[in-house]
Amino acid sequence: MRFDDSLETVLSGDMTSPIGAQLAWRQLVDLIGRGRAPANDDVIARLRMIRGSVPPPVRTASARAIADAVPPLALVMVFAEDEIAVAAPVLRGAQLAPADWAELLPLLSPTGRSILRHRRDLAGEVVAMLASFGSVDFVLAPPETVDRAEEGAAPDERTMRCPASDDAGTVATPIGGATETSVSPAAQGGKNPPGGSSDIAEMLKRIAAYQRTRAATLAERSARPAAPEQSVPSDQFDFEADASGTIRWVDGIARAALVGISLAQASSEEGVSGVERAVAEAFRARADFQELRLFVAGRSEAAGTWQISAGPVFDGATGGFSGFRGTASRADADDLAAPLVPNASAVADALRQLVHELRTPTNAIAGFAEMIETEMLGPVAETYREHATDIRHQTADLLGAIEDMDTAAREQTVAGQSPGERVSVTDMLDRIATDLAPLATLRGATIALHGLDGALCIAGDGRAIERLISRLLATLVAATRPREQIGVVVSAIGSDRIRLLFDRPRGLASDTDEDLATTSADAPDDADSAPTLGTGFALRLIANLASELGGGLDIGREALTLQLPTRTTRPREQTSRR
């Protein structure tokens, strides 16, 4: 029996950061739109709350993602309240009951209802409801409405009246950015006579009056002197960079000093225009970044230090990466006084978002495979049960690789921070050896621990350290051959380092260090539980994790040496005797 807690997991996540809000928006829309979560008031209110933190392109993409599903009325209403570009994909495909349409149609804008008028799959009563809004969506303003609007209009609304010699009763009023004309009753010679011909004649008069008014307005505008250029404030500007990271477009400030600066490469010399290293890292990861530094050399209006925030842009048709778009504001004294620190959080957030998007479908596949394997949904042929078992084992291996990526992202987030834990080497190695005993038995090998000292502790993130050593030892055991022993020798180097020496199994003896540095270098073909992404990938990941923890991994011909920072603790009695 499996319980789907996807909704609770999403609602308990962090929605305060831009990436967290976007991730939560996508997941909530997908869960509700595909019927995997109820559209209750709390969830809908949460969507409306975070909508302002989600960029329109992301909202549009989520609308397109559920266009082929059957979203409920409450979710359709959330999109109907949004910009028309966001609402359009949902309105084109929404499948609602006539009673739901009756509740939704009055809330739509005329543009939203016009999208529905192009649909050919709506029920007849829904089409009749749409037709009832014609008096609102298609009608021209009556003359008395125009006259009242003209009386209360401000001077800058530019209400235009045609010359009396042309048509004394014709008035043109701008409505919504376009000019609409109407004819007063005096110009019509009394009441509008009934009949289609009089309506056509009235329309022709309006068209003629509009054309005359428009020509007069254009002539008046061309005769006006050009307005003096407003001085643009120089404390902020917008910019865009192409796919190579080079700034190509700037608006809001003199652009000569900015165009050509690269976001992909950090400035290595003082006094040279460029960005800090965290910007280049975020660009390579295609990740958003906030308030990082850009320095512009010279004496132009743009010279000085700026704080820039930007995000990646992707082509709507092909999905390809097209560059970065962002804004910049001039850094104040407090910002300049703050030291530059590597901002790895943007890259780590992007990696952890990828991990989450991989873990969710993998867990779902594993769950369904387990249901088939255990015949929870009914009798299943033996062949399919075997396939389900294979799938479950493969997804378990894939989840292990995903956990490795998550560990790497966590370490990148806390890199450079002071260690918060002291992990006992003896206890940790005992746990790891116990966990790997079944694998060693399967391979016909043994694990031998030497030099264990309860006083030795590794400083750092306990979860990451245990994951690192466990993955290294599992990789080596998976490469062993029958009756082979993997020895682990622990020793201290000075007062601040610890060394763990692992015997190199014969399965790796034929591979050079250069081969092991590639993802193609794998354990032997008969290695059960070999690393899912290859031995080379596993060792490279272990080396990178060790580096993040302040240590390193050295691959020798006879052994692999792992060094990590340590703290040696001695009992108080021994310390007092010295």
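Residues numbered from 1 in each chain as written. Predicted model: local features only at pLDDT ≥ 70, side-chain atom pairs only at ≥ 80, totals over all residues. Heavy atoms only, no water.

Caption draft 1: Here's a closer look at the nonpolar core. Ranked by internal contacts, the top residues of the largest apolar core, which has 44 residues, are Trp25, Leu47, Phe79, Trp101, Leu104 and Leu116. Discounting chain neighbours no more than four positions away, the residues touching Leu116 are Leu91, Trp101, Leu105, Leu108, Leu122 and Leu130. Grouped together as the second largest cluster of nonpolar side chains are 37 residues, Ala474, Phe502, Leu508 and Leu545 included. (Core = buried A, V, L, I, M, F, W, Y, C linked by side-chain atoms within 4.5 Å. Buried < 20%, exposed > 50% of the residue type's maximum accessible area, 1.4 Å probe, protein only. Contact = heavy atoms within 4.5 Å.)

Caption draft 2: The sheet that holds strand β9 (residues 321-330), seen in detail. The six strands lie next to each other as β5-β4-β9-β8-β7-β6, forming an open sheet whose pairing is antiparallel. Bordering the open sheet on either side are β5 (247-251) and β6 (274-275), each of which pairs with just one other strand. In the sheet, strand β7 (residues 289-296) pairs with strand β8 (residues 304-314) via six bridges, with the strands oriented antiparallel. Bridging across to β8, Leu292 finds its partner in Ile308. Helix α14 (residues 277-284) contacts β6, β7, β8 and β9 of the sheet and is inclined by roughly 125° relative to β7. (Pairing = 2+ DSSP bridges. Helix = DSSP H or I, 4+ residues; strand = E, 2+ residues; numbered from the N terminus. Axes fitted to C-alpha atoms, helices over the stretch in contact; angles between N-to-C directions.)

Caption draft 3: Region of interest: the pattern of salt bridges. Considering all chains together, one arrives at 13 salt bridges under this definition. The closest approach of N and O atoms between Arg34 and Asp30, which form a salt bridge, is 3.0 Å. Within the structure, one salt-bridge network assembled from shared partners comprises Asp30, Arg34 and Asp68. (Salt bridge = Lys/Arg side-chain N within 4 Å of Asp/Glu carboxyl O.)

Caption draft 4: Just the packing of helix α19 (residues 462-478) against helix α21 (residues 535-548), in detail. Packing of α19 against α21 leaves a shortest axis separation of 10 Å and a crossing angle of 150°. The angle between the axes of α19 and α21 places the two elements in the roughly antiparallel class. The element α19 and its partner α21 pack so that their crossing is left-handed. Contact with α19, carried on its side by Leu468, Arg471, Leu472 and Thr475, involves Thr535, Ala538, Leu539, Ile542, Leu545 and Ala546 of α21 and no other residues of that element. When grouped by side-chain class, the residues that make up the contact of α19 with α21 number seven nonpolar, two polar and one charged. (Parallel < 35°, antiparallel > 145°, perpendicular 65-115°, else oblique. Left-handed = near helix turned anticlockwise from the far one by under 90°. Nonpolar A, V, L, I, M, F, W, Y, C, P; charged D, E, K, R; others polar.)

Caption draft 5: The confidence of the model for the protein, seen in detail. Taken residue by residue, the protein gives an average pLDDT of 76. The fraction at 70 or more is 73%. Segment residues 227-233 is flagged for pLDDT under 50; beyond a separation of four residues in sequence, or across chains, it makes three contacts in the model. Low pLDDT, under 50, characterises residues 339-343; the predicted model gives this stretch eight contacts beyond four residues in sequence or across chains. (pLDDT = per-residue confidence, 0-100.)

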